[in-house]
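Take a look at the letters that make up each chain.
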Amino acid sequence: MSEQLINRPEPTEYAAYYEKYISRVADGNIVTVLGQQIDNSVTLLNGLSDAQAGFRYAPEKWSVKEVVGHLIDSERVFGYRAMRFARNDQTPLSGFEQNDYVQAAAFDDQSLSDLASEFEHVRRANLYMLRGLNGEAWDRRGEANGNGVSVRALAYIIAGHELHHMDIIRTKYL
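Given the structure is predicted, the values throughout are model-derived calculations rather than measurements.

What about the nonpolar core?
The tendency in soluble globular proteins is for nonpolar side chains to be buried as a group.
Item 1. Counting residues in each nonpolar core, the largest one holds 55 residues, and the members touching the most others are Ile30, Trp138, Ile157 and Ile169.
Item 2. Secondary-structure elements contributing two or more residues to this core are α1 (19-22), α2 (30-46), α4 (64-86), α6 (112-131), α7 (135-139) and α8 (151-173).
Item 3. If you tally residues by element for this core, the top one is α8, at 12 residues.
Item 4. Excluding residues within four positions of it along the chain, Ile169 makes contact with Leu44, Leu45, Val64, Val67, Val68 and Leu174.

What to know about the packing of α4 against α6
Axis angle and axis distance: for two packed helices, these are the angle between their axes and the distance between the axes, and together they describe the pair.
Item 1. At their nearest, the axes of α4 and α6 sit 10 Å apart, and the two run at 15° to each other. Viewed along their axes, α4 and α6 adopt a mutual orientation that is roughly parallel. For the element pair α4 and α6, the recorded crossing hand is left-handed. Of the residues in α6, those touching α4 at Val64, Lys65, Val68, Leu71, Ile72, Glu75, Arg76, Gly79, Ala82 and Met83 are Leu112, Leu115, Ala116, Glu118, Phe119, Val122, Arg123, Asn126 and Met129.
Item 2. Class assignment for the residues of the contact of α4 with α6 results in 12 nonpolar, 2 polar and 5 charged.

Brief notes about the packing of aromatic side chains
Item 1. According to the stated counting rule, one finds 7 aromatic pairs in the structure shown.
Item 2. On the numbers, 5.2 Å between centres and 80° between planes, the contact of Tyr17 with Tyr18 is edge-to-face.
Item 3. Here Tyr17 falls in the partly exposed class, since its relative accessible area comes to 47%.
Item 4. Geometrically, the ring pair formed by Tyr17 and Tyr21 is edge-to-face, given 6.0 Å between the ring centres and 85° between the ring planes.

Some words on α6
Item 1. Here α6 contains 20 residues, and its C-alpha end-to-end distance of 28 Å stays within 8% of the 28 Å for a straight helix at 1.5 Å per residue.
Item 2. Looking at α6, one finds that the buried residues are Leu112, Leu115, Ala116, Phe119, Val122, Arg123, Asn126, Leu127, Met129 and Leu130. One side of α6 holds all its buried residues, which, seen down the axis, span an arc of 160°. Opposite the buried face of α6, by more than 90 degrees, sit the exposed residues His121 and Tyr128.
Item 3. Contacts from the buried residues of α6 go to α2, α3 (50-53), α4, α7 and α8.

Observations concerning unusual backbone geometry
Item 1. Positioned with a positive phi, Asn88 is a non-glycine residue whose angle comes to about 70°.
Item 2. The backbone of Asn145 sits at a positive phi, close to 55°, despite the residue not being glycine.
Item 3. Relative to the helices and strands, Asn145 resides in the loop between β1 (141-144) and β2 (147-150).
Item 4. Residue Asn145 is classed as partly exposed on the basis of its relative accessible area of 48%.

Criteria and cut-off values
- Residues numbered from 1 in each chain as written.
- Predicted model: local features only at pLDDT ≥ 70, side-chain atom pairs only at ≥ 80, totals over all residues.
- Heavy atoms only, no water.
- Core = buried A, V, L, I, M, F, W, Y, C linked by side-chain atoms within 4.5 Å.
- Buried < 20%, exposed > 50% of the residue type's maximum accessible area, 1.4 Å probe, protein only.
- Helix = DSSP H or I, 4+ residues; strand = E, 2+ residues; numbered from the N terminus.
- Contact = heavy atoms within 4.5 Å.
- Axes fitted to C-alpha atoms, helices over the stretch in contact; angles between N-to-C directions.
- Parallel < 35°, antiparallel > 145°, perpendicular 65-115°, else oblique.
- Left-handed = near helix turned anticlockwise from the far one by under 90°.
- Nonpolar A, V, L, I, M, F, W, Y, C, P; charged D, E, K, R; others polar.
- Phe/Tyr/Trp six-rings, centres within 6.5 Å; stacked < 30°, edge-to-face > 60°.
- Expected span 1.5 Å × (residues − 1).
- Arc of directions from axis to C-beta.

In structure tokens form, the structure reads like this:
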């Protein structure tokens, strides 16, 4: 189904908070966009030094490694939500506290190259799942963190979330 054009989600398909991510995503095949992001992000991350990987632009801010770890965690959570809802599972799913996840993960103890590789593999796994969806599955919805969301919106959120954080890395960290 990857050749199918997946329309941009309507605002009724996601919580208003996610508009800041969805609005960043260019029109086109969302599965293609998600695939192209892998090379762009991994190339940028693999070009950073150890000093850059541990840099924080303010004391209370995450390091680059922690930002990448957050991307990985979020990719997993959003992908899991998309898979559950695509399979027509209507069980409401809880949210996750991103700061607690980052604090508990010790991303700064890992190499940036390992984190970049993990991001790539998690994204590729989500791409395989999304490519297998039919039109009906893309339209399905569920509840996550107390808000309704469609599978289509989750794919756009994944892409926009990555764009948001990679832009922050480029503008505030480098």
